[in-house]
Amino acid sequence: MSAASVTVLPRRTPPTILVAENDVRVRCLVSDELRGAGFRVLEAGSAQETLTVVDAVRVDLLFIALDLPGAQSGLETAHLAGARQKPMRIIVTSEDGGVDPGGLGPLVRKPYPASQVVGLVMRSLNWPEPP
């Protein structure tokens, strides 16, 4: 059988995205844009909430702000979350464009348009744009 004769069926269940952002307005804006693009979106406002969600639910992609409040920094939280669920894609966001995400994934500098996040999430998950 040749590779050309294999049909790839589209994934039926949309990926689950966890938006971890302490600014409620930004978190809601990004979450609404992602939901509008067809993703299942969960939200967290602190490092502890992020880890609680990761421990309870399968997450395909973590979109995390590095300035999350909590016992761990956003960067530490991202590393812990990534270690708890593999494979999970991670996108980090920060006001400091010079921060090194340590190989976690792409860095989005604040402020950013929510549409940029949707495109980056789609590319990171290799998810097709809605028709």
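So, here's what we can say about the structure. (Residues numbered from 1 in each chain as written. Predicted model: local features only at pLDDT ≥ 70, side-chain atom pairs only at ≥ 80, totals over all residues. Heavy atoms only, no water.)

Take unusual backbone geometry next. Omega for the peptide link from lysine 86 to proline 87 comes to -10°, which places this bond in the cis form. Position of proline 87 relative to the elements: it lies in the loop between helix 3 (74-84) and strand 4 (89-94). If you check the backbone angles, asparagine 126 has positive phi at about 55° while not being a glycine. When you line up the elements, asparagine 126 lands in the segment after helix 4 (114-125). By relative accessible area, which is 70% here, asparagine 126 ends up exposed. (Helix = DSSP H or I, 4+ residues; strand = E, 2+ residues; numbered from the N terminus. Buried < 20%, exposed > 50% of the residue type's maximum accessible area, 1.4 Å probe, protein only.)

Let us look at the sheet that holds strand 1 (residues 16-20). Ordered in space as 2-1-3-4-5, the five strands form an open sheet in which the pairing is parallel. Two strands lie at the open edges of the sheet, namely strand 2 (40-44) and strand 5 (107-109), each paired on one side alone. Ignoring strand direction, the axes of neighbouring strands in this sheet form an average angle of 20°. Packed onto the sheet, helix 1 (residues 24-36) meets strand 1, strand 2 and strand 3 (61-65) and runs at close to 170° relative to strand 2. (Pairing = 2+ DSSP bridges. Axes fitted to C-alpha atoms, helices over the stretch in contact; angles between N-to-C directions. Contact = heavy atoms within 4.5 Å.)

Another aspect to go through is the packing of helix 1 against helix 4. One can describe the packing of helix 1 onto helix 4 by two numbers: an axis separation of 9 Å at closest approach and a directional angle of 50°. As far as their axial angle goes, helix 4 and helix 1 are oblique. As for how helix 1 packs across helix 4, the hand of that crossing is right-handed. Contacts from Leu29, Val30, Glu33 and Leu34 in helix 1 reach Ala114, Val117, Val118 and Val121 in helix 4. (Parallel < 35°, antiparallel > 145°, perpendicular 65-115°, else oblique. Left-handed = near helix turned anticlockwise from the far one by under 90°.)

What follows covers the nonpolar core. Counting 19 residues, the largest nonpolar core has Ile17, Leu34, Phe39, Phe63 and Val121 as the members making the most contacts within it. Secondary structure elements with two or more residues in this core: strand 1, helix 1, strand 3 and helix 4. Looking at which element gives the most residues to this core, the answer is helix 4, with six residues. Excluding its chain neighbours within four sequence positions, the residues that come into contact with leucine 34 are Ile17, Val19, Phe39, Val41, Val118 and Val121. In terms of nonpolar packing, the next biggest core, distinct from the first, is built from 18 residues, Leu18, Leu42, Leu68 and Ala81 among them. (Core = buried A, V, L, I, M, F, W, Y, C linked by side-chain atoms within 4.5 Å.)

Tallied over the full model, the rule gives two aromatic pairs. Measuring from centroid to centroid gives 6.2 Å for phenylalanine 39 and tryptophan 127, while their planes differ by 45°, and the two rings are tilted. Note that phenylalanine 39 is positioned in the loop between helix 1 and strand 2 and tryptophan 127 in the segment after helix 4, a separation of 88 residues in sequence. Ring centres 5.9 Å apart and planes at 85° place the aromatic pair phenylalanine 63 and tyrosine 112 in the edge-to-face group. On the criterion of sequence distance, the pair formed by phenylalanine 63 in strand 3 and tyrosine 112 in the loop between strand 5 and helix 4 is long-range, its members being 49 residues apart. (Phe/Tyr/Trp six-rings, centres within 6.5 Å; stacked < 30°, edge-to-face > 60°.)

So, about the environment of leucine 62. Mapped onto the fold, leucine 62 is located in strand 3. Along the chain, leucine 62 and alanine 78 lie 16 residues apart, while their C-alpha atoms are 7.9 Å from each other.

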